[in-house]
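# An overview of the molecular structure
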Amino acid sequence: MFRNRVRMAAAAASAMVATAAPQAWAQSPVEAFYKGKDVQVLIGAGVGGTYGLYSQLAIRHMRKYIPGQPNLIMQSMPGAGGNVGLNYSYNVAPKDGSLMHLVHAEVLFETLLTSGVKFNALNYQYIGRIADADAVALATKASAVRTLDDARKREVTMGVTGFANVFALGPLMLNRVAGTKFKIIAGYKGTSDIHLAMQRGELDGGGMTMANALTIHGDKLKNGDLVPIFAIASKRLREYPAIPAMTEFGSAADKTLMEIYASAGTIGRALAFPPGVPADRVQALRAAFSKMIDDPDFKAEVKKANVPVTPMSGEQLGAYVAEVMKTPTAQVEAARKLHIELLAGKK
């Protein structure tokens, strides 16, 4: 009798194992989708700047946390200040999770201020932000410009690639609201060309993200060859709390526009899916992003290279975008009018 009970129990246990095993070994739908797949990591800029830098960090350290461990491959699609890439990811790219976009930082202010754009920042599904893109306006030691007040006393030349970015729009707004005399010199191919021109004495200064400032020009900032004069950001920079932020000046309408400009710093270098990607894949990539940020190898690499990391979860970034998009229509229209005037070179 006892032996029969033992045999019956063993048979039942074997049946349970046989039933449970396929469930334990079965792939999740997300893992099944990504296993053996190539996933594009799109940037709307050249590979040599911070978009390339942060996308490469994600490619090296995020893959192992994505179910199925797909191959991550960077795709560069520069043009129109990042809008070529945004138009592609939003309207053309597959919406199945096989393309992530390190979205251009200006995606939110372009959505609000530029008529006719074919993307909407609100509808991107944000995976996570690796770093903000708060920026700083710098003057050379040779220019003798040491403070923002110096830029009120004489003309200060600032180099930019074009007028439709915060490195031009920030100084132009300060001319309007703070009495400065910045002269914007546009047409440089990139940040490196601007800083070569600064070294040659052709320019008094220029703007750059804090990531660039700290990783590429840290020594010059320490020895005084480059001097920070104001923050192109929504608030003062923690690294330079003594210099003012551009949002500290002007009327309520002026500040609304500058806060929209400053959204580029908050968006920063953030990964996102275009609209339409299934929710389970979005959640899986958000989880993978979070694990990457805590990964010891990731932390060691950014520390060794002195790469700034100021992470924000995809949920938090999405909530920020949604809040800015709630700006009252009348305020947005007033900001858009002022934005158009600035781009047209009006005061």
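As the structure is a prediction and not an experimental result, all values here were calculated from the model.

### Details of the sheet that holds strand β10 (residues 269–273)
Taken in spatial order, the 6 strands of this open sheet run β2-β1-β3-β10-β4-β11, and their pairing is mixed. Both outer strands of the open sheet, β2 (71–76) and β11 (312–313), are each paired with one neighbouring strand and no more. Bridging between strand β4 (residues 125–131) and β10 involves 5 bridges; their strand directions are antiparallel. By the bridge assignment for β10, Y126 is matched with A272. Packed on one face of the sheet, helix α11 (residues 252–267) meets β3 (99–103), β4, β10 and β11 and runs near 80 degrees to β4.

### As for the confidence of the model for the protein chain
With 92% of its residues at a pLDDT of 70 or more, the protein chain shows a mean pLDDT of 91. This stretch, residues 1–24, has a pLDDT under 50; its non-local contacts, to residues over four places away or in other chains, come to 0 contacts.

### So, the packing of helix α3 (residues 50–62) against helix α13 (residues 296–305)
Contact geometry for α3 and α13: axes closest at 10 Å, N-to-C directions at 150 degrees. What the angle tells us is that α3 and α13 run roughly antiparallel. Crossing of α3 over α13 shows right-handed handedness. Counting all contacts with α3, which are made through L57, R60 and H61, the residues of α13 involved are D297, F298, E301 and V302.

### Considerations on the sheet that holds strand β7 (residues 182–186)
Strand order in the open sheet formed by 5 strands is β7-β6-β8-β5-β9, and the pairing between neighbours is mixed. Each having just a single partner strand, β7 and β9 (226–232) make up the two edges of the open sheet. Each neighbouring strand pair of the sheet contributes to a mean axis angle of 35 degrees, computed without reference to strand direction. Where strand β5 (residues 135–140) lies against strand β8 (residues 205–209), 5 bridges are found, and the strand directions are antiparallel. Its bridge partner lying in β8, A139 is registered against G205. Sheet contacts for helix α7 (residues 166–177): β5, β6 (156–160), β7, β8 and β9; angle to β7, the most-contacted strand, approximately 155 degrees. In this fold helix α8 (residues 191–199) packs onto β5, β6, β8 and β9, with an angle of close to 145 degrees to the strand it touches most, β8.

Cut-off values and rules
- Residues numbered from 1 in each chain as written.
- Predicted model: local features only at pLDDT ≥ 70, side-chain atom pairs only at ≥ 80, totals over all residues.
- Heavy atoms only, no water.
- Pairing = 2+ DSSP bridges.
- Helix = DSSP H or I, 4+ residues; strand = E, 2+ residues; numbered from the N terminus.
- Contact = heavy atoms within 4.5 Å.
- Axes fitted to C-alpha atoms, helices over the stretch in contact; angles between N-to-C directions.
- pLDDT = per-residue confidence, 0-100.
- Parallel < 35°, antiparallel > 145°, perpendicular 65-115°, else oblique.
- Left-handed = near helix turned anticlockwise from the far one by under 90°.

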